[in-house]
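Listed below, chain by chain, are the residues.
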Amino acid sequence: MVSAVRDPTGFLRAEYEELVRADLDWKLRVLDGPSAPWSVVDGQRVLMLCSNNYLGLSNHPRLKAAAIEAVRTHGAGSGSVRPIAGTMDLHRELEERLARFKRAEASLTYQSGFATNSGLLPQLVGEGDLVVSDELNHGSIIDGVRLSRAERAVYRHADPSDLERVLDEAERHRPEYRRVLVVTDGVFSMDGDIAPLDRIAALGAAHGAMVYVDDAHGEGVLGEGGRGIVSHFHLSRDRVQVEMGTFSKAFGVVGGHISGSRDLVNFAFNKSRTWLLSGSHPPAVAAACLAAVDVLEQEPEHVERLWSLTRRFKKAMADLGFDLGRSETPITPVIVGESSLAKKLSQRLFELKVFALPIVYPMVAKDKARIRTIMNAALTDEDVGTAVDAFAKAGRELKIL
Ligand code: PMP
């Protein structure tokens, strides 16, 4: 029998304290001012090496001006969900501009990348279907797949031959499945490696499966003018039916999106529960995202600069002898092994005025703890030198080098 005096919320503190004891609780660092190359974090001026603001657009004058102007002309909020009274001309214009940028028939925006994956995936597949997923896919994909009630199969990370094995197996049971969907991150956020989307798309086509790519970390980075992974591999849209992305990273604002066929967009906005049942973006968000698409189209130098700094940083860090894993993009992990060592390194870097966070178990394997660095086009060459010097000093002190 349950005791009458038992505290029904006692688990809140108990579970939190357990996280604190295991050193797995989040200790939040606070930015005082914008996310900029040199940001004030917890009162200290530090070089920002861990934001997703790849191109420095979150603080770009054109985005800020567009947001301010939209508040003047359209107000602070949208007043509703998109299907009722929350679709403004700015939302529509953004979707049309994005589709042109992506060279797709149509695009649709969502409140966030998370809301896109968790809202759309459970509509694309359901009971009686199969989802085939890379083992390192993002949590929002995993949650979307869970909500779908489809059967799940996982293939080895970025391994087309293992994907083929899973799809061959599925083919043998094919009559049992209504639809098959292959889903992958475009660029993997912990390692910075690129999914072999060309081979994945070919396997999808050969097996009659849909292909869905989450390009959150490829946009603004890969492909012509930062158009993303579909452009990077020159793939046709009938091979990658859903190209998903987010405005919260290289675009510098917030919001998720998909690009593909008109049929996809019509289906998605009529069915995604996150889209139908949650308030739409404030006008300032839509206007800033529109300005970000314009900047990407009109100022290609940001993407070029991102890559030249990335190459410079990777080379200097590899020359020092750091283990940079399998990164091929501006996400560069600095793998040190033990969780406690990664945490010490991050702390020492912060003292040396470089802000880069540790990524530890359970986010990565126990012996693969790392500092994850993310390059930013707004840094100067001197800033990159400062970062490398700090890593060299801290790495030697902690006997990593
Ligand atoms: N997919 C991936 C691969 C991501 O890294 C993220 C952000 N962490 C998301 C989706 C979610 O995007 P958003 O921040 O727009 O919710």
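Since the model is a prediction, treat every value here as computed from it, not as a measurement.

Caption draft 1: Highlighting the overall build of the chain. Counting its secondary structure elements, the chain contains 14 helices and 13 strands. Scaling as 2.2 N^0.38, a compact globule of 401 residues should have a C-alpha radius of gyration of about 21 Å, and the chain matches this with 22 Å. Its C-alpha atoms give the chain principal-axis dimensions of about 60 × 60 × 55 Å. A burial count over the chain gives 52% of its 401 residues as buried. In the chain, once contacts between residues fewer than 6 apart in sequence are set aside, the share between residues at least 24 apart is 71%. Looking at charge distribution, the chain has the averaged site of its 49 positive side-chain charges lying 3 Å from that of its 54 negative ones.

Caption draft 2: Layout of the pairing of strand E10 (residues 331-337). Among the 7 residues of E10, 7 are classified as buried, and the element is accordingly described as predominantly covered. Alignment of E10 against strand E13 (residues 369-374), held across 6 bridges, turns out to be antiparallel. Among the inter-strand pairings, Ile331 is bridged to a residue of E13, identified as Ile374.

Caption draft 3: Structural view of the side chain of Asp162. Mapped onto the elements, Asp162 comes out in helix H6 (residues 160-172). In contact with Asp162, not counting residues within four places along its chain, are Val154, Tyr155 and Arg156.

Caption draft 4: Inspection of the sheet that holds strand E7 (residues 210-214) at higher detail. Spatially, the 7 strands line up as an open sheet ordered E3-E9-E8-E7-E6-E4-E5, and their pairing is mixed. Edge positions in the sheet fall to strand E3 (106-110) and strand E5 (151-155), since each has one partner strand and no second. Strand-to-strand, the axes of this sheet are offset by a mean angle of 20°, without reference to chain direction. Pairing of E7 with strand E8 (residues 242-246) involves 3 bridges; the strand directions are parallel. Opposite Tyr212, over in E8, you have Val242 as the bridge partner. With respect to the sheet, helix H7 (residues 197-207) is in contact with E5, strand E6 (180-185) and E7, its orientation differing from that of E7 by roughly 155°. Strands E3, E8 and strand E9 (256-260) of the sheet are contacted by helix H9 (residues 262-271), whose axis makes an angle of about 25° with E3.

Caption draft 5: Quick peek at unusual backbone geometry. For the peptide bond that leads from Tyr361 to Pro362, omega is 10°, which places it in the cis range. Along the polypeptide, Pro362 turns up in the loop between strand E12 (358-359) and E13. A positive phi angle, close to 55°, is found at His234, a residue other than glycine. Locating His234 in the fold gives a position in the loop between helix H8 (229-232) and E8. Classification of His234 by relative accessible area gives exposed; the value is 72%. Positioned with a positive phi, Lys399 is a non-glycine residue whose angle comes to about 60°. For Lys399, the position within the fold is in the segment after helix H14 (381-397).

Caption draft 6: Quick look at the pattern of salt bridges. Counted under the stated rule, the structure contains 29 salt bridges. The salt bridge partner of Glu243 is Lys102, with a shortest N-O separation of 3.0 Å. Of this pair, Glu243 sits in strand E8 while Lys102 is found in helix H3 (residues 89-102), placing the two residues 141 residues apart along the sequence. Taking the relative accessible area as the measure of exposure, Glu243 reaches 1% and is therefore buried. Through salt bridges that share partners, Asp23, Asp25, Lys27 and Lys343 make up one connected network.

Calculation criteria
Residues numbered from 1 in each chain as written. Predicted model: local features only at pLDDT ≥ 70, side-chain atom pairs only at ≥ 80, totals over all residues. Heavy atoms only, no water. Helix = DSSP H or I, 4+ residues; strand = E, 2+ residues; numbered from the N terminus. Rg over C-alpha atoms; globule rule 2.2 N^0.38 Å. Buried < 20%, exposed > 50% of the residue type's maximum accessible area, 1.4 Å probe, protein only. Contact = heavy atoms within 4.5 Å. Lys, Arg positive; Asp, Glu negative; His and termini not counted. Charge placed at Lys NZ, Arg CZ, Asp CG, Glu CD. Pairing = 2+ DSSP bridges. Axes fitted to C-alpha atoms, helices over the stretch in contact; angles between N-to-C directions. Salt bridge = Lys/Arg side-chain N within 4 Å of Asp/Glu carboxyl O.

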